[in-house]
Structure formats: structure tokens, C-alpha cells
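Survey of secondary and tertiary structure
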Amino acid sequence: MKSIITEEDLENFSIEWFKEIGYQFAHGPNIAPDSESPERDDLILPVPGELWGMNPETGKLRWFTKTNITGNVSPSPVLGNGTVYIFGGYPSLRRSAIKVDGKKGELKEEATIWEDNQSSYVPTPVYVNNRLYWASDTGYACCVDAKSGDMLFRERLDARGKGSKGKPFYAGSILAGDKIYAVSRWGGTFVFNADKEFKLISHNKISTDDSQFHGTPALSNGEIFLRSDKYLYCISE
């Protein structure tokens, strides 16, 4: 499989479909396999005030539901156990868990399993063993029970750095092994356990780089890739 897309490749690509969604502040979609219909995938797109499920091959709307997440919807939707977890909102933050397996048309209120305001404005959570983990843009390591929405822990992370200002986290958290990795904008990378109780395992910082780290890290073959405003890093044991 090719790992690099060249300019020549781009010239051979064609647009399969294009939809005007009418929203300025709708960001990353996600693909959700449907456990009730294994042959079907849904393209999940949260927009201000609604959640859409679309046919990824045609762009046609399959289902939708109203939400209380308005304004910016920056985090990507998170998928787990036939449920979509959505975060974000402005000026008020919200998070919701919505059951979407096998749905068509307008979803009723009963599809929303839980909802509250203990949310994330920018960072996208990661789903692990029926729990959601993230480092919030207010500087906390958070874990919630994905089934009930109950907060299992919320612990302060000292992500301050030289010249730091504004929200300390933009990057989404990722899972590697049994550990959560959360990259802050100025204060380095925090590693904590993917469990019900918080334990900070390590805190690492690239001291020679005083720029900002906004991108979610990527993993491949035992290596972690970090991107700052200045450099791309590949780190391994």
C-alpha cells in the first residue's frame, strides 16, 4: 500500500460527492460501523445543534437528531458500543451520548443516553473499555464512565510553559498499550493510566522547542509522532 500521496496522484483523484452543510463551525467527522447492520457504515458529523448520520458513499442523510451543543463543535465525534459521544459548544460547553445503531430518520429524545456540561471545547476524547479519557482545555485529566456519564476522575495537569497563555490543551488524547498520552500546547506530554483511578506515569517535555504543540500525536510501529509549530518529531524507545 502506498504511504505517500504525490502531486501526480492528486491529479488523478475525483470528487465522488460534495455537500454544502451550511455551518461554519462544524469540524472533524468520523466513520461508524453499524453493529446491527454489519454491511453499513455511517459518516457521523456533529454540527451546531444537531448530529447527522450520512451515507459515506453518496452523502445522503440517513438520520439526524437535535442536540444542545451549539456554536463551535471542535472535537471529533467519538464512537463506542453503538453510541456516538459528542463534545464541544460555545459559549456553553456540553457533552452527550447518543445511541445510533440501525437508526433512520429523526431520532427521538430517548436516543440520548446522558448529557451534561462537563465537556471539552477543543480536545477530542479517546474511548477505552467503556470509558472516555481526555485532557481538557482547562488543564485537567478527565475520565468518565461511557455508559452513565459519571465522572470517575478529574485531576489537574500542570501544563504551564514559558510564555504560555490561553488554553493549555488542544490536541486529542490517544491510547498506546494501557496508557493515555496527552500533549499540551506548551507544557510537554503527560502519560497517565487508562483505568478508573488516576495515576500520572510520566511527564516529558522537549526543552529545546519553545513553540506550541497543537496536533494530536500519531502512533506507528512502536513510534510516536509529535508536531510542534516548528518541527515534526519521531520518538521511540
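For the structure, see preceding data.
Residues numbered from 1 in each chain as written. Predicted model: local features only at pLDDT ≥ 70, side-chain atom pairs only at ≥ 80, totals over all residues. Heavy atoms only, no water.

Describing the overall build of the protein
Along the backbone of the protein there are one helix and 20 strands. The buried share among the 237 residues of the protein stands at 45%. Of the roughly 13400 Å² of accessible surface on the protein, 48% is carried by carbon and sulfur atoms. (Helix = DSSP H or I, 4+ residues; strand = E, 2+ residues; numbered from the N terminus. Buried < 20%, exposed > 50% of the residue type's maximum accessible area, 1.4 Å probe, protein only. Areas by Shrake-Rupley, 256 points an atom, 1.4 Å probe, with all protein chains shown as cover.)

Let's talk about the pairing of strand 2 (residues 41-47)
The buried count for strand 2 comes to six of seven residues, which makes it a mostly enclosed element. Between the end of strand 2 and the start of strand 3 (residues 50-54), which pair antiparallel, lie two residues, with Gly-49 showing a positive phi angle near 85 degrees. (Pairing = 2+ DSSP bridges.)

A closer look at unusual backbone geometry
The linkage connecting Tyr-90 with the following residue, Pro-91, adopts the cis geometry, with an omega of 5 degrees. Here Pro-91 is to be found in the loop between strand 6 (83-88) and strand 7 (94-99). A positive phi angle, near 55 degrees, is found at Asn-81, a position not held by glycine. If you trace the backbone, Asn-81 turns up in the loop between strand 5 (78-80) and strand 6.

Quick notes on the layout of surface pockets
The volume enclosed by the largest pocket comes to roughly 500 Å³. Residue lining of the largest pocket: 25 residues in total, with Tyr-181, Thr-189, Asn-204, Ile-224 and Ile-235 positioned closest to the centre. Residue contributions to the lining of the largest pocket peak at three residues, all from strand 19 (residues 223-227). Residue composition of the lining of the largest pocket, grouped by class: eleven nonpolar, nine polar and five charged. (1 Å grid on protein atoms, 1.4 Å probe; cavity = no way out; pocket = protein on both sides within 12 Å on 5 of 7 lines; lining within 4 Å. Points joined across faces, edges and corners; volume = space filled by probe spheres on them. Nonpolar A, V, L, I, M, F, W, Y, C, P; charged D, E, K, R; others polar.)

Things to note about the environment of Glu-106
As for its placement among the helices and strands, Glu-106 is situated in strand 8 (residues 105-106). Here the alpha-carbon distance between Glu-106 and Lys-66, two residues 40 residues apart in the chain, equals 8.5 Å.

Notes on the packing of aromatic side chains
Counted under the stated rule, the structure contains eleven aromatic pairs. Where Tyr-90 meets Tyr-121, the ring centres are 6.1 Å apart and the plane angle is 45 degrees; that geometry is what we call tilted. A residue pair is termed long-range when its members are at least 10 positions apart, and Tyr-90 in the loop between strand 6 and strand 7 and Tyr-121 in the loop between strand 9 (112-116) and strand 10 (126-128) qualify at 31 residues. Here Phe-169 and Phe-190 contribute two aromatic rings whose centre-to-centre distance is 6.0 Å and whose plane-to-plane angle is 55 degrees, an arrangement assigned as tilted. Pair noted here: Phe-169 is in the loop between strand 13 (151-156) and strand 14 (174-176) and Phe-190 is in strand 16 (residues 189-193), with a separation of 21 residues, a long-range link. Judged by its relative accessible area of 2%, Phe-190 is buried. Three or more aromatic residues joined by ring pairs make a cluster, and in this case those are Tyr-133, Phe-153, Phe-192 and Phe-198. For the cation-ring pair, Arg-156 lies above Tyr-140, with the distance from its terminal atom to the ring centre recorded as 4.2 Å. (Phe/Tyr/Trp six-rings, centres within 6.5 Å; stacked < 30°, edge-to-face > 60°. Lys NZ or Arg CZ within 6 Å of the ring centre and 35° of its normal.)

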